[in-house]
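Take a look at the letters that make up each chain.
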Amino acid sequence: MSIDLSQFHQVFFEESFEGLDTMESGLLELDIADIDDEIINTIFRAAHSIKGGSATFGFNVVAEFTHVIETLLDEVRAGTRSINQEEVDLFLQSVDCLRDLLQGLQNKEEVDEAQASELRTQFEIILGSESVDAVDQKTSSETNTGWLIKFKPESHILRTGNEPLRMFWQLEALGKVRITSITDEMPSFAGMNVELCYFSWEIEVTGDNISKESITEVFEWIEDEAEIVLTSLGNDSIEQDSPKSEAIDTEASKQETLKAAVPKIETQAPIKEDKKAKPAARNAKEFGSIRVDIDKIDTMINMVGELVITQSMLGQIGEEFTFDKLGKLQEGLQDLERNVAILHESVMRIRMLPISFTLSRFPRMVRDMSRQLDKKIELVLKGENTELDKTVMEKIGDPLVHLLRNSLDHGIELPELRRKAGKPETGTINLEAFHQGGNVVIEISDDGAGLNKEKIRAKAIENGVISENEALTQDQINDLIFQPGFSTAEVVTDVSGRGVGMDVVRRNIQSLGGTVSVKSEPGVGSTFTITLPLTLAILDGQLVRVGKEIYIFPLVSIVESLSADANQVNKVVGANDVLKLRDEFIPIIPLYETFGIEPDSRHLKDSLIVVVESEKMKVGLMVDELLAQQQVVIKSLESNYQSVGGISGATILGDGTISLILDIPGVVKLAEKYLNYAGVAA
Amino acid sequence: MTRILAVDDSASMRQMVAFTLKGGGFDVVEASDGVEALELAKENDCDLVLTDVNMPNMDGIELTKELRGLANYKFVPILMLTTESGMDKKTEGRAAGATGWIVKPFNPDQLLSTIKKVLG
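Throughout what follows, the structure given in this document is the object of discussion. From a predicted model like this one, the values you see are computed outputs, not experimental measurements.

Summarising the element assignment, E337 of chain A is placed in helix α11 (residues 326-349). According to the relative accessible area criterion, E337 of chain A is exposed, its value standing at 60%.

If you want it as structure tokens, here you go:
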């Protein structure tokens, strides 16, 4: 039967890329002084699977290369070898190299094997043997017209699932078989254990050209658990000596296995002839399949179930329709509409992936580059689970890389400079992703030198971007770095390139409908903020009630919720009340006032205060009741209605009602008149 | 119908094995690690177990030991999928009660002929 193995290639590539990611993050995590079993095992398993798969599916370049990697990893794993930093680097390089190879193979391009073979040589040197290639040993082709086999298995043979009868059948396929059972060791009936084998056999196999291998192969699996003696019966043997006995030694079996191991893939599916191959995806990462959380699928299946119920209900109404059923019909149609809407959203949610897909490659990049630049840099990732539309995610990768490189190269100073400036030698870059309103915000901040205002200004004048006596604010000057052809790096390095960067970054982000801005303070550091609009974002929300309205607070913005005591609240003349919470004074904004609605109560003692953080400032929002916490799908107000201050979007709750999602900074802005006073009071 | 339990943490290998076996007329139950396999083995009576060695949670060796401890799997053939570098694993596997092994890489035909060898 012939099976087209190419149908499994896509799955193989996907899991291999995942495996490489696993290897990479494992290697970065690995502490060479104290190797964690779990980590090294995980790395090993990933390499092992890639090797197994690539050999099976006929990608020999990959298989041979991963084989040496795996061998070394296996020794490390077994504890027979320690590992040093250079070796970790070598592993990391190999991961990159494998990724390239696999990508090439996936796109059915010519692959460049030079790097792989170079790296492979290095591994072979480390392993200290040239024999990593399974040597194709010459195998004896001893054939004969007959063999006498003495076969005495150990008594527990049946318990390993090896049934001697099946071996006899296999021998029968080789020639004429005559079997003599030897029952000397059979105990008395009373002493017999039904699970043990007490027999041994003498088997004569006769026929034309029966090779010794074909016989040893039959017993291959049990050679260590049985006495097997082979004697040649015929006389056209290679050795013309008198009948020669020979136990099947392990050496022979090793050859056997080695031989089997050398991947001779001519029997594999012919890759080159693959006529019905899909048009090669130019960039697999952009067009590949998507892995979906099982929960999301379950939600969808649930919704489909609901739809089926609604449909059968409507069907019943329709079969014998009378006018008094109109109410029911309308009800059913409403259900249908709601369910379809929810299903639609669930389907859209499938496209949402945690941003960690993009961020996960950054630790490696920072590590490599900081070495290259002789800097000490720590990268801190936050909010990796923030969900982002797949398409946006794919396109945001490059701009992020560029900004990160920029921070590494221009932002963080050399250790010596940092010491002189009284900063810790190790610089820190924070990369944080979070939802703000209907946007996903990605912030990259460093504690480096900050932007050099004078230098930027001088450069801008030199390039004719601004005129000599143009007055600009700090922010306007900072913004100049996003102008085309602008780089203030004194020396152009390989890392940051030739100043073709920031304008491209801004253009790319703008093409996604987003914005990028920078805030910087000399000597303290810079923060780049990317804001991506997201009509599809999913938000963890806290539902609150004010009067009859239900609003949604983004859960991330909530610091705490409390019911205030009268003595915790200070009245401020002409302004809002201020809550004294531990050592802080927090201005209180009554939401009913901001939105002009009728609350249950206008008194603090009957209300609850939700303390939220907004742009580094805390405010307390007064609400009537806290309800459930749930994930909500953000609907854009702009596209369905118009932009409303203090509201970032809306969502549809489970019962079909619409609920508005608060934009906390917007609410604060609406209430700003109070806050100015409060600021003084605090 | 002869039922085979195929265990491998690599999805592509598992799919390939399952596809081949189904094409060979066998009923296939798939598991992605030893723990899952053990559960499935208890729920379904399988006539043969085909397991990878290196897997997370529970590896093939451990799985074999566990299966041999079950009354239904005392004599059921258990075949391991190993690689040429896994000589130690073969010994270990045999000690755990494995019937035999299939050396990776293998192609669908090799797989089927080996399977037929133990199923008689």
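Picking up after the structure, the text goes on.
Our next topic: the interface of chain A and chain B. The interface is formed by 40 residues belonging to chain A together with 46 residues belonging to chain B. Interface of chain A and chain B: buried area, both sides summed, is about 3800 Å²; carbon and sulfur atoms make up 59% of it. There are 1 salt bridge connecting chain A and chain B. The salt bridge involving K74 of chain B is made with E195 of chain A; its shortest N-O contact spans 2.7 Å. Broken down by secondary-structure element, the contributors of at least two residues to the side of chain A that touches chain B are α1 (9-29), α2 (37-56), α3 (60-77), α6 (164-172) and α8 (250-261) of chain A. Sorting elements by how many residues they give to the side of chain A that touches chain B places α2 of chain A first, with 9 residues. Grouping the constituent residues of the side of chain A that touches chain B by class yields 14 nonpolar, 14 polar and 12 charged.

Residue and element names in this part refer to chain A. Of all the positions in helix α13 (residues 362-372), only F362, R364, M365, V366, R367, M369 and S370 are classed as buried. On its buried face, α13 sits against α1, α4 (85-106), α12 (356-359), β7 (377-382), α14 (390-411) and β9 (427-436). Looking one or two residues past α13, D374 carries a phi angle of roughly 60°, positive in sign.

Taking 1.5 Å per residue as the helical rise, helix α5 (residues 108-119) of chain B with its 12 residues ought to reach 16 Å, and the 16 Å between its terminal C-alpha atoms agrees with that figure. Buried residues of α5 of chain B: P108, L111, L112, T114, I115, K117 and V118 of chain B, and no others.

Definitions and cut-offs
- Residues numbered from 1 in each chain as written.
- Chains lettered and ligands numbered in written order.
- Predicted model: local features only at pLDDT ≥ 70, side-chain atom pairs only at ≥ 80, totals over all residues.
- Heavy atoms only, no water.
- Helix = DSSP H or I, 4+ residues; strand = E, 2+ residues; numbered from the N terminus.
- Buried < 20%, exposed > 50% of the residue type's maximum accessible area, 1.4 Å probe, protein only.
- Contact = heavy atoms within 4.5 Å.
- Buried area = accessible area lost by both parts, 1.4 Å probe.
- Salt bridge = Lys/Arg side-chain N within 4 Å of Asp/Glu carboxyl O.
- Nonpolar A, V, L, I, M, F, W, Y, C, P; charged D, E, K, R; others polar.
- Expected span 1.5 Å × (residues − 1).

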